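# Architecture and fold: a report
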Amino acid sequence: MSDCWYTQASQFVDANDGYQSLKTDITKFKGYAEASSKAGKSGRDKRYAKKDKVEAFAIQLYNQKNYANPHQAAQAIAEKVLSFAESINYSFTSPYQAIRTINSWLSKHIKSTS
């Protein structure tokens, strides 16, 4: 008897134009959201590509040695990171800001890996 009830309910839902319209709209809007998300990620990747390369370079330098803390590492590798950044046309607002930014990147990296 429960199969009969389910079959009847299923037929009612399939025949309900309002439900079918809502289902179609939900599917359509889901597609819009996914397309927008992809476009946003693509734009983000393009905008921050140079920054991401410089950050990865700084983390690579940090991983090559043992430093007491991220600030010490940022001070030690700042010149190399600044040179690399300049070579790919990425600029920090100042050398002082570069050290602060590198320190922030390294701290974030340490937290994400521990």
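Quick caveat, the model's predicted, so the values are computed rather than measured.

The predicted coordinates should not be examined in detail at positions where pLDDT is low. For the protein chain, the average pLDDT comes to 85, and 82% of its residues sit at 70 or higher. By mean pLDDT, the top-scoring element of the protein chain is helix H4 (residues 70–87) (97), and the lowest-scoring one is helix H1 (residues 2–15) (61).

Counting 17 residues, the largest nonpolar core has Ile77, Val81, Phe92, Ile102 and Leu106 as the members making the most contacts within it. Of all the secondary-structure elements, those providing two or more residues to this core are helix H3 (49–64), H4 and helix H5 (95–113). Among the elements that make up this core, the one with the highest residue count is H4 (6 residues). What Phe92 contacts, discounting residues up to four positions off in sequence, is Val54, Val81, Leu82, Ala85, Ala98, Thr101 and Trp105.

With that settled, consider the packing of aromatic side chains. Summed over all chains, the structure comprises 4 aromatic pairs. Ring geometry for Tyr62 versus Tyr67: centroids 5.9 Å apart, planes at 20°, classification stacked. The class for Tyr62 is buried, based on a relative accessible area of 15%. Seen from their ring centres, Tyr90 and Phe92 are 5.2 Å apart, and the 90° between their planes marks the pair as edge-to-face. Note on Tyr90: relative accessible area 22%, which makes it partly exposed.

About the thresholds
Sequence order as written defines the numbering, with residues in each chain counted from 1. It should be noted that, the model being predicted, local features are given only for residues of pLDDT at least 70 and side-chain atom pairs only at 80 or more, the latter also being counted only at that level, while totals for whole chains, interfaces and linings use all residues. Side-chain measures were taken over the full set of non-hydrogen atoms in the model, leaving aside hydrogen atoms and water. For every residue, the pLDDT score states the predictor's confidence, bounded by 0 at the bottom and 100 at the top. Each helix corresponds to a stretch of at least 4 residues labelled H or I by DSSP, and each strand to a stretch of at least 2 residues labelled E; elements are numbered beginning at the N terminus. Buried Ala, Val, Leu, Ile, Met, Phe, Trp, Tyr and Cys residues form a nonpolar core when they are joined through side-chain atoms within 4.5 Å. Think of it in three bands: with a 1.4 Å probe and only protein chains considered, a residue is buried below 20% of the maximum accessible area for its type, exposed above 50%, and partly exposed in between. In this description, contact between two residues means that some pair of their heavy atoms is separated by no more than 4.5 Å. A pair of aromatic rings is counted whenever rings of Phe, Tyr or Trp (Trp by its six-membered ring) have centres within 6.5 Å, and the orientation is called stacked for planes under 30 degrees apart, edge-to-face for over 60 and tilted otherwise.

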